[in-house]
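Letter by letter, the chains look like this.
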Amino acid sequence: MTAHIRVPELGDAPATLSREIVDGLLRRELGFEGMVMTDALEMRAVSATVGVEEGAVLALAAGADALCLGHLGPESVHRTIVDAIHTGHLEEGRLREAAARVGRVGRWASRAAPDRVGPTEVGAAAARRALELEGRVSLSRPALVVELRPEPSIAAGEAGRGLGESLRSRLPDVDVIRLDGAPDDARRLLDGRRQLVVAVRDAHRHAWQRRTAQTLLETAADGIVVETGLPHWRPEGAAGYVATHGTGLVNLDAAALALAGD
């Protein structure tokens, strides 16, 4: 995977868009013959300079084979690549070469996984193994899930689903509150009849998440915290703690299974 870094000795363009780096250094000098994937093209080194669509064309021309897109759909990128072929800004042979490498990786991945196991099952198994569980994490009564959501990254965009939805698919009687910032009075959110579950993401980076979680836990003796990002912060007073090591659907589903007692 290429990074959008500049190497002044090899030119001014970010490495992802640099033929001198991808084709010259990586391919020819170092002899790398595998698939090259870009980092997310929505990152500002690309999106704020040449733009995502033009960046896709330049990355392919530089020698990249697969384009990483975050929240932006592929339609406009696809149109731009087709136009670049028609106008001669991108060689069809380069595109065929890239497609061939991606195809080889796809065929290798198909052979590597047993036929009876699909990608969803593999991901679910990996997510369950990645769970880090501390204390009492199984719910003993209907849950109130409070999701503390940080500002989305440029590359990933808004999360499509949260922990509350994953848990509700297993335990229908679940209330969910989503917060994008610190509430005026966090304690007013609590329902004494329900067991508190606080979902955070990279709480070590967001002081408002840590303050809100701690305030909620002060009056919830059996409260559980679920960290879906990097588990660097540990809350005080939580009865249970879950670290998912990821925000994918399989990660959230694995946490929901643990909370549901499975």
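One structure accompanies this document, and this report is about it. Along each chain, residues carry numbers from 1 onward, in the same order as the chain's sequence is written. In view of the model being predicted, local features appear only for residues whose pLDDT reaches at least 70, and side-chain atom pairs are presented and counted only at 80 or more, with totals across whole chains, interfaces and linings using the full set of residues. Water and hydrogen atoms were dropped before computing side-chain values, which therefore reflect all heavy atoms in the structure.

**Quick notes on the overall build of the protein chain**
In step 1: Helix and strand definitions here come from DSSP, where helices need a minimum of 4 consecutive H or I residues and strands a minimum of 2 consecutive E residues; each element is numbered from the N-terminal end. For the protein chain, the count of helices and strands is nine helices and eight strands.
In step 2: For the protein chain, the spread of C-alpha atoms along the principal axes amounts to about 65 × 45 × 30 Å.
In step 3: Across the 262 residues of the protein chain, 38% fall into the buried class.
In step 4: The contact criterion used is simple: two residues touch if any of their non-hydrogen atoms lie within 4.5 Å. A separation threshold of at least 6 residues defines the contact pool for the protein chain, and within that pool the share at least 24 residues apart is 67%.
In step 5: Note on areas: Shrake-Rupley, 1.4 Å probe, and residue coverage restricted to the protein chains presented here. Carbon and sulfur atoms provide 53% of the accessible area of the protein chain, an area that totals close to 14300 Å².
In step 6: Once the 31 positive and 37 negative side-chain charges of the protein chain are each reduced to a mean point, those two points are 4 Å apart. When a residue's accessible area, from a 1.4 Å probe over protein chains only, is under 20% of the maximum for its type it is buried; when over 50% it is exposed; and in between it is partly exposed. The charge count includes Lys and Arg as positive and Asp and Glu as negative, but it does not include His or the ends of the chains. Where a charge lies is defined by one atom per residue type: Lys uses NZ, Arg uses CZ, Asp uses CG and Glu uses CD.

**A look at the packing of helix α3 (residues 52-62) against helix α4 (residues 75-87)**
In step 1: One can describe the packing of α3 onto α4 by two numbers: an axis separation of 9 Å at closest approach and a directional angle of 50°. In terms of orientation, α3 lies oblique with respect to α4. α3 and α4 meet at a crossing whose hand is right-handed. Residues Val52, Glu53, Glu54, Ala56, Val57 and Leu60 of α3 form the contact with α4, whose participating residues are Ser76, Val77, Thr80, Ile81 and Ala84.
In step 2: Residues of the contact of α3 with α4, tallied by class, amount to seven nonpolar, two polar and two charged. In this analysis, axes come from line fits to C-alpha atoms, helices being fitted only over the stretch in contact, and the angle between any two N-to-C directions falls in the range 0 to 180 degrees. To sort the angles, those under 35 degrees are grouped as roughly parallel, those over 145 as roughly antiparallel, those from 65 to 115 as roughly perpendicular, and the leftovers as oblique. Crossing handedness is defined as follows: a turn of the near helix away from the far one that is anticlockwise and smaller than a right angle gives a left-handed crossing, while the clockwise case is right-handed. Any residue outside Ala, Val, Leu, Ile, Met, Phe, Trp, Tyr, Cys, Pro, Asp, Glu, Lys and Arg is labelled polar, Gly included; the first ten of those are nonpolar and the last four are charged.

**Notes on the side chain of Gln209**
In step 1: Relative to the helices and strands, Gln209 resides in helix α8 (residues 207-218).
In step 2: Residue classification places Gln209 among the buried positions, given a relative accessible area of 0%.
In step 3: Setting aside anything within four residues of it in sequence, one finds Gln209 in contact with Leu148, Arg149, Pro150, Val200, Arg201 and Ala203.

**A short note on the side chain of Asp65**
In step 1: The topology assignment puts Asp65 in the loop between α3 and β2 (66-68).
In step 2: N or O atoms within 3.5 Å of each other form a polar contact, as long as, within protein, one can give a hydrogen and the other can take it, and as long as residues adjacent in sequence are counted only when both atoms are side-chain atoms. Engagement of the side chain of Asp65 in a polar contact is seen with the side chain of Arg27, the distance being 2.7 Å.
In step 3: Looking at Asp65, its side chain comes within polar contact range of the side chain of Arg94, at 2.8 Å.
In step 4: Excluding residues that lie within four positions of it along the chain, Asp65 makes contacts with Arg27, Gly34, Met35, Val36, Leu60, Arg94, Glu97, Ala98, Arg101 and Val102.

**A closer look at the sheet that holds strand β3 (residues 132-135)**
In step 1: Only strands joined by at least two bridges in the DSSP assignment are considered to pair. With respect to topology, six strands assemble into an open sheet ordered β3-β8-β7-β6-β4-β5, the strand pairing being mixed. Strand pairing shows two members of the sheet lacking a second neighbour, β3 and β5 (174-179), which therefore form its edges. Between one strand axis and the next, the sheet turns through 15° on average, direction left out of account.
In step 2: Strand direction decides the pairing type here: strand β4 (residues 143-148) and β5, joined by six bridges, are parallel. Residue pairing in the sheet places Leu144 in a bridge with Asp175 of β5.
In step 3: Packed on one face of the sheet, helix α9 (residues 249-259) meets β3, β6 (195-200), β7 (224-227) and β8 (240-243) and runs near 160° to β7.

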